[in-house]
Amino acid sequence: MKIFVPFIFILLCTSINAQIPDAVYSPRIKSAQLYPLGNQWGLPVIRLNSSEQLELHFDDLDGGVRNYSYTFQLCNADWTPAMLSQFDFIKGYSQIRLNTYRISSIAYTKYTHYQASLPDRNCVPSRSGNYILKVFRDGDTAKLIISKRMLVVDEKAVTVAQIQQPFNGQIFRTHQKIQLKVNLNEQLNVVNHLQQIKVVILQNNRWDNAITDLRPSFFSRNQVEFN
């Protein structure tokens, strides 16, 4: 059965044309993965100011040892880059070098496996929001090899979701119905529900078919409902 997992982002958006997708920019880089520490099936989410970490893994088929580093890019709700300096959303250094690697020994295809636990204590996202993890070569961010979405969460609202079987007989075996309630904290000061609250529904951690631009079926001062 296909499971849909809802996540709520309460962000103010800035309009920028270019959008950054998940991507691998070199044909020699394989098996790029980003997930919670010890959980290969989890969505790359950490809580703000927590000790939680993510694992980054990838293989370089060129073998040998290369100079790879990573950094973070804060994004708006639509994954366009936020118009802020890195000093405004990264605490510490702006980039960290990958120093943990393993060179293959018995495989027919030579490769080097790189990994990292992040964020490093010397390079930590200082704001909640949508982030792009960028991996690049030789200390040059223009030599990008991997970009991966990740989320830094600061929980300001209580979300309750129910997954149900649709009433429509033609799709009740292949689809799911989601009823979602967001109970808002008054400190959030939500003035415009349509502009300030963005709902994204993911199917098994996939962004390529994410459901977005959902409009609430009901809203009041302290609650927003989606059906």
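Residues numbered from 1 in each chain as written. Predicted model: local features only at pLDDT ≥ 70, side-chain atom pairs only at ≥ 80, totals over all residues. Heavy atoms only, no water.

Novice: Lay out the pairing of strand β12 (residues 129–137) with the relevant residues and their values.
Specialist: With respect to burial, β12 is a largely interior element, seven of its nine residues being buried. Of the strand pairs in this sheet, strand β6 (residues 68–75) and β12 are connected by eight bridges, and their pairing is antiparallel. Bridge pairing links F72 to L133 in β12. Of the strand pairs in this sheet, β12 and strand β13 (residues 144–153) are connected by eight bridges, and their pairing is antiparallel. Across the sheet, the residue bridging to I132 is R149, located in β13. In this structure, the hairpin formed by β12 and β13 is closed by a connection of six residues, where D138 is found at a positive phi of approximately 55 degrees. (Buried < 20%, exposed > 50% of the residue type's maximum accessible area, 1.4 Å probe, protein only. Helix = DSSP H or I, 4+ residues; strand = E, 2+ residues; numbered from the N terminus. Pairing = 2+ DSSP bridges.)

Novice: Residues and numbers for the sheet that holds strand β19 (residues 223–226), please.
Specialist: Strand order in this open sheet of four strands is β14-β15-β19-β18, and the pairing throughout is antiparallel. Bordering the open sheet on either side are β14 (157–164) and β18 (218–219), each of which pairs with just one other strand.

Novice: Please give an account of the sheet that holds strand β9 (residues 100–103) that cites residues and values.
Specialist: An order of β3-β5-β10-β9 is seen for the four strands of this open sheet, with the pairing classed as antiparallel. Every interior strand has two partners, whereas the edge strands, β3 (29–36) and β9, have only one. Across the sheet, the axes of successive neighbouring strands diverge by a mean angle of 15 degrees, strand direction being ignored. Where β9 and strand β10 (residues 112–118) come together, four bridges link them in antiparallel fashion. (Axes fitted to C-alpha atoms, helices over the stretch in contact; angles between N-to-C directions.)

Novice: Give a description of the state of the cysteines that names residues and reports values.
Specialist: Enumeration according to the criterion identifies zero disulfides in this entry. Free of any disulfide, C123 has its nearest neighbouring cysteine sulfur in C75, separated by 15 Å. (Disulfide = S-S within 2.5 Å.)

Novice: Residue-level account of the pattern of salt bridges, with values.
Specialist: Counted according to the given criterion, the structure contains nine salt bridges. The salt bridge involving D62 is made with R66; its shortest N-O contact spans 3.3 Å. For D62, a relative accessible area of 41% puts it in the partly exposed group. Here R206 and D208 are joined by a salt bridge, their closest N and O atoms 2.8 Å apart. For R206, a relative accessible area of 37% corresponds to the partly exposed category. The exposure class assigned to D208 is exposed, which follows from its relative accessible area of 62%. If you follow the salt bridges from partner to partner, you end up with R28, D60, D62 and R66 in one network. (Salt bridge = Lys/Arg side-chain N within 4 Å of Asp/Glu carboxyl O.)

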